[in-house]
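Letter by letter, the chains look like this.
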Amino acid sequence: MEALRKNSINFGLILGVFLVVMTTIIYAVNINLFTSTWIGIVNILIISGFGIFAVLKYKKNIGGFITFKESFTGFFITVVIGFIISTLFSILLFNYIDPEAKAILTENIIKYTVEMMQKFGAKPADLNKMIEEMRSTDSFGVMGQLKGFAFNTILYSIIGLIASLILKKDKPQSF
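The sections below set out a description of the structure shown in this document. (Residues numbered from 1 in each chain as written. Predicted model: local features only at pLDDT ≥ 70, side-chain atom pairs only at ≥ 80, totals over all residues. Heavy atoms only, no water.)

### Details of the pattern of salt bridges
All chains considered together, the criterion is met by four salt bridges. The salt bridge partner of Arg5 is Glu2, with a shortest N-O separation of 3.3 Å. One end of the pair is Arg5 and the other is Glu2, both in helix 1 (residues 2–29) and three residues apart, which spans about a single turn. Residue classification places Glu2 among the exposed positions, given a relative accessible area of 57%. (Salt bridge = Lys/Arg side-chain N within 4 Å of Asp/Glu carboxyl O. Helix = DSSP H or I, 4+ residues; strand = E, 2+ residues; numbered from the N terminus. Buried < 20%, exposed > 50% of the residue type's maximum accessible area, 1.4 Å probe, protein only.)

Spelled out as structure tokens, the structure:
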């Protein structure tokens, strides 16, 4: 189990650095990309891929057999460490380095949400209420980032459970 933890921590640190670099690149190139749907989808695939790769690497190192618990633990540790690093960087970036960036992102998110709700026929009164609520919530503040961390932990736990069901391979029973 110690080898599993070490492997997962290493991949988690690599994932964290990768996410920080990606956040920095997106911030520097075009802040509007933070609200891009395809960036979100690519993020899900990359983050899940890191967790799966960490499990596969460990599985290979121990002879090709891995329990569901080991698989899930490896995935979970990798992803959580990556998100801790990424969340701390985002808190630093949006609250201390460039607090004005979070105002731009909040407006972009509101605009995107309004467009989506209008497509689904939302009433103007509902839109106004939603806009007011979104403006009063600091999604990129410390508490907002911590809530995002919690949400991501839940989301990727579900992905990790599914991946672990697929990746597990029990040793054959010898009689």
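### Comments concerning a nonpolar patch on the surface
Where nonpolar side chains cluster on the molecular surface, the patch consists of Phe68, Ile154, Ile158, Leu161, Ile162, Leu165 and Ile166 and spans about 690 Å² of accessible area. With six residues, the top contributor of residues to the nonpolar patch is helix 6 (residues 142–167). Within the fold, Leu161 resides in helix 6. (Patch = residues over 30% accessible without salt bridge, like charges linked within 9 Å, V, L, I, M, F, W, Y side chains within 5 Å. Areas by Shrake-Rupley, 256 points an atom, 1.4 Å probe, with all protein chains shown as cover.)

### Digging into the nonpolar core
Leu15, Ile47, Val55, Phe75, Val79, Phe83 and Tyr156 are the most contacted members of the largest nonpolar core, which has 14 residues in total. Elements with a minimum of two residues in this core: helix 1, helix 2 (37–61), helix 3 (68–97) and helix 6. Broken down by element, the residue count for this core peaks at four residues, all from helix 2. Non-local contacts of Phe83, meaning those with residues more than four positions away in its chain, are made with Ile47, Phe149, Asn152 and Tyr156. (Core = buried A, V, L, I, M, F, W, Y, C linked by side-chain atoms within 4.5 Å. Contact = heavy atoms within 4.5 Å.)

### Notes on the side chain of Ser90
Note on placement: Ser90 falls in helix 3. Residue Ser90 is classed as buried on the basis of its relative accessible area of 9%.

### Comments concerning the environment of Phe75
Mapping Phe75 onto the fold places it in helix 3. Sequence separation between Phe75 and Phe11 is 64 residues, and the spatial gap between their C-alpha atoms is 9.5 Å. Once residues lying within four places of it in the same chain are set aside, the contact partners of Phe75 are Ser48, Gly51, Ile52, Val55, Tyr156, Ile159 and Gly160.

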